[in-house]
Every structure is written in structure tokens, then in C-alpha cells.
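Close look at the chain arrangement
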Amino acid sequence: MSDIAIELRGIDKSFGLVHANKNINLTVRKGTIHGIIGENGAGKSTLMSILYGFYQADRGDIVIDGNTVTIKDPNAAIANGIGMVHQHFMLVENFTVLENVMLGAEDSQILNTSISKARVELKRLEKEYALEVNPDALIEELPVGLQQRVEILKALYRKADILILDEPTGVLTPPEADHLFRILGQLKDQGKTIIFITHKLREIMAITDEVSVMRRGEMVATRKTRETSVEELAELMVGRRVLLRVEKGAANPGDVKLAVENLTVRDGRGVTMVDNVSFNLRAGEIVGIAGVAGNGQSELLEAISGIRKAVSGKVLLNGQPIDVTAHVDPRELRDRGLAHVPEDRHHVGLVLKFEEAENGILGYHHDKRYLNGVFLNTKAIQADAEEKIKKYDIRPPNARLKTANFSGGNQQKIVLAREMERGPDVLIIGQPTRGVDVGAIEFIHKRIIEMRDQGKAVLLVSVELDEIRALSDRIIVMFAGRVVGERDPDATEGELGLLMAGVEGRKEAAE
Amino acid sequence: MSNPYAKLPAWAEYGLIPLVNLIVAFLVAGLVVLLVGENPLSAAYHMINGAFGRGEYIGFTLYYATTFIFTGLSVAVAFHAGLFNIGSEGQAYIGGIGVALACLWLDRTMPWFVVFPLAIIGSAAFGALWAFLPGWLQAKRGSHVVITTIMFNFIASSLMVYLLTRVLKPLGQMAPQTRTFEAGGQLPKLDWLMSIFGLNLGNSPFNVSFLLALLAAFCVWVLIWRTKLGYEMRTMGHSPSAARYAGIGEARITVIVMMISGGLAGMMALNPIMGEQYRMQLDFVQGAGFVGIAVALMGRSHPAGIIPAAVLFGMLYQGGAEIAFEMPAISRDMIVIIQGLVILFAGALENMFRPAIGRVFASIGRRSVAAAQTRGA
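Please read all numbers here as calculations on a predicted model, not as lab measurements.

1. Structural notes on the domain arrangement of chain A
Residue and element names in this part refer to chain A.
- Parsing chain A into structural domains produces domain 1 (4-238) and domain 2 (256-510).
- Inter-centroid distance (C-alpha atoms) of domain 1 to domain 2 is 33 Å.
- The partner domain 2 presents 13 residues to the ten residues of domain 1 that form the contact.
- Elements with a contribution of two residues or more to the side of domain 1 that touches domain 2: helix 6 (174-189) and helix 8 (230-238).
- Top contributing element to the side of domain 1 that touches domain 2 by residue count: helix 8, with three residues.
- Within the side of domain 1 that touches domain 2, the residues separate by chemical class into six nonpolar, three polar and one charged.

In C-alpha cells form, the structure reads like this:
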């Protein structure tokens, strides 16, 4: 027995011309938490998919406990003691915890025997690792944090010694994330090995023992966590020095540009997603809306920008009412000075199959500048796109390239360039840096602050609390569709975290 | 990883892959011919010779192709807006009314070049009308066009039986068809075009509506890629949620696109009615609307792909008839099997050989341009 759990030797994988993993070597020690960090598209997910048997490596060996193994599918990975907790949970929503845990690992054809056996085993696991969860609860009724716990239990039930967690904190509130870190610590103490994939530097520093950095398909460095720093890791990830803190001066708020009064929005099933929300947005300030994903922020943005009808309430843009309870034409709102960078740039903000230049006019294609009568003025569209490419440093600088071929950060810059260059009075931004690499985050944050300093009113929605705190002049916290509090940006993370979890909010509402 | 297929150069994407698919389709078709005890090579000879061997044969091939260009464009226009118009068949059928009315009205008094524009407008208007209803039903009531256009094909069929047996049929005639048009209702043949290439048109009905089809293909290209409406259509076709975000009215686009699609289908009626039969007969569309779906699929909904795809299907029709004539063991149904195989390999299985071709390109690419091609991800 060695003290090495997994060794990857010379793993190489290409998808056509895209070389996703280049000669990767990685050694993970037993009983440690090993972080893997890298920008989107650096090859982290590909590497883990190879380890879990979704893909086969073109070259290279996987060595587990000193034996070279072939992992041809996830079953082989499980047989080798590897378990995976996916970013998007693989749970059957209308099954109970117990049913989900034993799904695919039943030991007999007769369900009742399996269930009683699984129940005993699940009890033992819960006790051993302090992972309490009611085995008879339905998955859909559990909060996200507990659903993730079920995923971990599933892996342990299959006797995993090595756990891979892919971006596990993306859907969690800060308290839930802390809880997860405690669980991972316990698992480590019990001798489990954990591979922790993330793009959040703070988490790496908080819980890992060692960290490996990937960049453009290569493993560029492995460090002992306590011997490295956030700055060094960021530099390794991007390949150059990056500024992690946004520099901004004091806000100079002016007139109210956007007023939301008692806005209520229901989703397609009639569930109230935004519940009687009111707030003001002034010129020259950034208001951040914090909250765990799914607490009504998306619906709020959609209602204000005319994509979704509201049930009741009023919205005033530049003092003039928008009839949000009827069908609002997003085109009219654009003409009135509202620009919207949607949360989902892949399906809403961009048409991925379009050329870059074509996306540069989406929503503004009625503009006379881009038209010759009913025909598109392709020259003007092209020139406009090239100007924005230069100004926003969009790479590769090719306006004829299909948008799907740009990286996440550059796609986001395409949307931002389109919406910001109009000089709108009010700019609504959803998830400005989701799936965006560190280098581009810096640029995007700077541009948002610039907009504010030009006297624009900016409404920012993000699930990244750090981002909200760094950019906002005021923070509004949403929980279960309601505004549960407003804070200054210097409020502590713990305070905001409790609000986001609905704890403080209930108390405030009760008072 | 969102795109599991590597990007290929355009000539491989639009040339090599369809060609490989086609070759495989013909190989499998050859096996079928072998199975009925005939020689696949002589079948292939009769197919090619029957489609292109003489000026007359080429004329027939292009006559069929003309029909398929119209219906292929009709399906493709709707595809671009994310609508699946299966009703080109019925729209073409109804479009025939427009042609017939124009011809019956003016064929005795006016020359063809006066009647032709009116017939074009008539056919497009009637086809558009027949597509307007399903479009409007989807836009306003949410009834899916796939379902409604299929049903409208049946309604069209019944309606035409009624019209051709009761209303448009001259008294005392047995066949369910209009009277034969005079000179004004007959389109000139394109023998001058064929004679440029030193070919003799013979008895084939290759007529000026072929030129109209080419013009329509060009107009469709302009519409899709060079107009504001085309931009809105493509946005909606690729991403309805992006269209909503951009303020593009889904209902408006749906109705307009269905009418354009129906209009193109309706213009198909010019070719058989004014170009060949000089009268409107029962069931003159003969499935061309459905072939249009295959043509649009094979041509990747691009006019530059639809024209060769239409010629290919014209070849299958004309050459297939020749095989059936020369080789009695092979019936017309066998030709339908071959057409089916082409659709299967070129349409439904179009990605089957892509990974293999991608690998070949990747191994060539890595040796030469690896560094240049690696994207920053």
C-alpha cells in the first residue's frame, strides 16, 4: 500500500482539432483534499470525465492504488472506488432519498429485500459520517444542500474511496457551503480522498491540502495549499497578473431612474416567484440583488425587461410607467433607454449559431443605422462589430466567426458591448461573470463601474456574493421572491449569508 | 464540449459529407438491386443514362427538378424560422387554382407573358392563403403547424376533388380536370437554353418556370440572409427565447413565414399546369410537397444546396422511370426504396460518417496546422 490514491500519467485527449487535455500528470495523495482549479475550458471537466469513464483518454494511464486500470464506463469507475458528485445533481426528483441512493445498486431483483438492506446501510453511513438526512423524504422536497448530501451518500453507498466533486458550491448559500466543507473535512479524517473542482480561489484556500492548476488543457502547476496564495493561483490560472479587487470611488447617486413598486410575478405553473417587491434605482449607482439562485431574481429581471408579464405592480422608467402587467415590447423599452444583459447569454442574450456581427445587432436590428430599407446594411453591421471588438478586446477579433466558437468571457463581452455602447439610462445585468474566465471578469467589472461613473443606473443580479459586494453601492437581498433586507456593501458575508438563507429575513418581517 | 463534433472546413462540411452519404446510399441501393437478382451496375447505368444520356432526358430531369426547387424552398424558408411546414403538398395543390383561374380567364385573349405574371401571383396567393390558416392557428391558438398542415393537406385534397368534378370541369367531359388551355396558358419550352449546350429538348416539358425557380432561389437567399425579416426569422428559428428578448413578435413572424412558405409551394403548380399539362388535373402535385422536405434537408435549407438536391431527386425520378422501363424486375416501388435510402443517409443519418471524417481531418490538421487551429477555448 502506497500513500497515493490516484496517479494520472500522460493523459491526452482531443476532440477533433480541440486538444482538451495535453499530457496531464496528476498525483493525488490518500486522505487529502486535492483541489483542481482552472478557467472555463481549461480542461478540468474533461479530465474528470476521463477519470469517471465518460470519455476514454487517447493516451496515458490511470493508476489507482498502484494498479494500472482501464475505466471504460462509470460502472468501472465505481468498481474502482471512484464516486462523483455532479454539478447538476443526478437525482430522481419524485423518488425518496432511500430509493435514489440504491438506484442502480440494488442487490436483488426483489425490491423489498433491497430496500431493507439499503436502509440499514444508509443508517450506518449517516452515523459514520454524520450525514443526517431522512431516508423517506422526497428529493423534490429537500433543500439543495441536502440534495447534495444525498449525492455524497450515493457515492459512499457504492463504497467510493475517492470522491470527485464538480463545482459543488455553485448552488449553495454561504452557510450551506460551510456545512459542506465540514462534511468534506470529516470524510477526509475517515480516510477518504477528495478531488475538489472549482473556479473559486477562496474555496481552494479554505479546504484543500494540495491544489493543481490547469490552463488551456495543460496542468501548469501543483502547490501545497498552505505554501501558495490567491494571487499566485490566479496568475497561474490566467497566465498573467490579474487584479482581484475592483477599484471604485464613491457613488454619486442622482435622480431615480427605475422605480419598482409592489411587483408580483408568477411563473408558468402559477407559483409566485416575485412577491410584492419594491425598490428604487438611481442614476450613478449600482444596486446589487443578492440571493441564492431561484429566489425570484431571474423573474424580476424578466418582468422589468418585458420578457415576462407581471401579475401586479408598477415599474417606472425615467418617471414614465411601463405597463408590466400587459405585454410590453422589449423594443419599446430599448428605445426608452433600458438595456438588458440577460442571465442566460447562451439562449437569451445571444444566438450561438449567428456570426459575431449578427449578434451585435440583436434587439437593435430595427435601427436605421443597420438597414437599407428592408435590407440589412451588412457593411455597417460589420464595421460596427469591428469597432466593438476593438473597444472590448473581443478575441479572436473576427466578426464573421460563429458566436459558439468564442469563449464564455468573450461571448459575454459581445453582449456587454451591444448593450453598453447604446448609452442606456438604465442597465440591467444578470450574472455578468457566470462562466467567464478570471481575466475577463476584471475587464467586465471595470466596465460596469465605468457605466456607473458615467451616471448610468445599474441593476446587478448575481449569485456570486463576492461580486455583489465588490460592485454594489447598495445590496438588496431576495429570498423566496421577497426583498428580505437592504444592506451597505460593507455588510459582512455572514450577515448577508443569513439573509440569503431566509433566517434574518423572517425575523425582520416578524418584527 | 458543447460541440462534440470538430469543426470541418466548409468544402468537407457541404461537399464531402453529403457526397459520402450519397455514395453509401447508392451502395446500399445496389445491394437491394442485387437482392432481386439484377445487376446493380447496369441499373446504375440506366439510372444515369436515363437522367442525363440525351437532351430529352436532361429536360425531364430538370423539369422534375423545377418542381422540387419550389417545394424545397418552401420547406426551407419555414425551417429557418423553426417551423416545420409539412403542408407544402396541400399548398401546392391549392396554388394550382390560382394558375388555372388566370389561364382559364385570359388564355384565349392574351399572350403567355401576360398570363404568366398573373398566374405567378395567383399561385402564390392561393398557396399563401392555404398556409396562412395553419400559421394563424399556431400564432393565436397554439395549434402546432405540424399537425394542422398535415390536416390541411387532406382538406386541400378533398376540396380539389370537389372543384375538379363540379366547378372547374367543362360540361360533358368525363375526366376530372379543367379544359385544356389555349396558347396564352402554355409556357414556352427552354429549347434555346438547351441548344446553347448543343442538346435537343425533344418531347420533354422543360419550360420557363425553371428560370422562375432559380430566381425564387436567389430571392430566398436574399430574404434569409440579407433582410431584416430574414434576420428575425433566423433568430426565432435558432432561439425563440432570444427572439423574445430582442422584441421579435413570434406571432407576426409565424404568420408571415408560413405565408411565404405557402406562396413558394403554390408556385410549384405553374410547372406542371402551365408548363406540361396545359390543364389542371386531379392530383397533379404527386407527392412533390413531401419530396420538398427531403430536398430541403439534403440541401441544408440553403438555396445553393437545394438546387443540386432538387436536381438529384429529379434524376432519381427520371432515371428511376428509365430503370423500371429497361429492367422489368425492378418496379417503380424499388425506385421509391432508393429515394428512401437517399433520404435516410443524407437526411436522418447525416452525422453518421462525420466523426470518422473529423478524425481524419484532425490527424492531418495536427501535423500541419495544430498550433494555429487550437482555439483559446
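2. A look at the pairing of strand 8 (residues 193-198) of chain A
Residues and elements named next belong to chain A.
- The buried fraction of strand 8 is high, at six of six residues.
- Across the two faces of strand 8 the burial is the same, with Thr 193, Ile 195 and Ile 197 and Ile 194, Phe 196 and Thr 198 all buried.
- Across five bridges, strand 7 (residues 162-166) lies against strand 8 in parallel orientation. Bridging across to strand 8, Leu 163 finds its partner in Ile 194.
- For the crossover from strand 7 across helix 6 to strand 8, the handedness is right-handed.

3. Quick look at helix 12 (residues 270-277) of chain B
Residue and element names in this part refer to chain B.
- Judged by how many residues are buried, helix 12 sits mostly within the fold: six of eight residues are covered.
- If you check which residues of helix 12 are buried, you get Leu 270, Asn 271, Pro 272, Ile 273, Met 274 and Gly 275.
- Positive phi shows up at Tyr 278, right after helix 12, with a value of about 60°.

4. Re the packing of helix 3 (residues 55-80) of chain B against helix 11 (residues 250-267) of chain B
Residues and elements named next belong to chain B.
- At a minimum axis distance of 7 Å, the contact between helix 3 and helix 11 shows a crossing angle of 175°. The orientation of helix 3 with respect to helix 11, classified from their angle, is roughly antiparallel. Here Phe 70, Thr 71, Leu 73, Ser 74, Val 77 and Ala 78 of helix 3 lie close against helix 11, whose contacting residues are Val 257, Met 258, Ile 260, Ser 261, Leu 264, Ala 265 and Met 267.
- Residue composition of the contact of helix 3 with helix 11, by class: ten nonpolar, three polar and no charged.

5. Quick notes on the sheet that holds strand 19 (residues 426-430) of chain A
Residue and element names in this part refer to chain A.
- Strands sit in the order 16-19-20-13-21-22 across an open sheet of six strands; the sheet is mixed. Pairing within the sheet leaves two strands with one partner each, and these edge strands are strand 16 (338-341) and strand 22 (482-487). Each adjacent strand pair in this sheet contributes to an overall mean axis angle of 20°, direction not counted.
- Most of the contacts of helix 9 (residues 297-304) go to strand 19, to which it runs at about 150°, and overall it touches strand 13 (286-290), strand 19, strand 20 (457-461) and strand 21 (474-479).
- Strands in contact with helix 14 (residues 408-420) are strand 16 and strand 19; relative to strand 16, the strand with the most contacts, it is inclined by about 175°.

6. Points about the sheet that holds strand 6 (residues 82-85) of chain A
Residues and elements named next belong to chain A.
- Spatial ordering of the open sheet is given by 6-7-8-3-9-10, a layout of six strands whose pairing is mixed. Every other strand in the sheet has two partners, leaving strand 6 and strand 10 (218-224) as the edge strands with one partner each. Going from strand to strand, the sheet's axes swing by 20° on average, the running direction of each strand aside.
- Pairing analysis gives five bridges linking strand 3 (residues 33-38) to strand 9 (residues 210-215), with the strands arranged parallel. Residue pairing for strand 9: Gly 38 is matched across the bridge by Met 214.

7. A closer look at the confidence of the model for chain A
- In this model, chain A carries a mean pLDDT of 89, and residues with pLDDT of at least 70 account for 97%.
- pLDDT under 50 marks residues 505-511 of chain A. Its contacts with residues more than four places away, or in other chains, come to six contacts.

8. Digging into the environment of Ala 346 of chain B
Residues and elements named next belong to chain B.
- With respect to the element layout, Ala 346 can be found in helix 15 (residues 332-348).
- Of the residues examined, Ala 346 has 24 C-beta atoms within 10 Å and is grouped as buried.
- With twelve residues separating them along the chain, Ala 346 and Met 334 place their C-alpha atoms 18 Å apart.
- Those residues in contact with Ala 346 that lie beyond four places of it in its chain are Pro 18, Asn 21, Leu 22, Ala 25 and Met 298.

Analysis parameters
Residues numbered from 1 in each chain as written. Chains lettered and ligands numbered in written order. Predicted model: local features only at pLDDT ≥ 70, side-chain atom pairs only at ≥ 80, totals over all residues. Domains from an automatic or database assignment. Contact = placed C-beta atoms within 7 Å. Helix = DSSP H or I, 4+ residues; strand = E, 2+ residues; numbered from the N terminus. Nonpolar A, V, L, I, M, F, W, Y, C, P; charged D, E, K, R; others polar. Buried ≥ 20, exposed ≤ 12 C-beta atoms within 10 Å, placed from the backbone. Pairing = 2+ DSSP bridges. Right-handed = clockwise from strand over helix to strand, strands pointing away. Axes fitted to C-alpha atoms, helices over the stretch in contact; angles between N-to-C directions. Parallel < 35°, antiparallel > 145°, perpendicular 65-115°, else oblique. pLDDT = per-residue confidence, 0-100.

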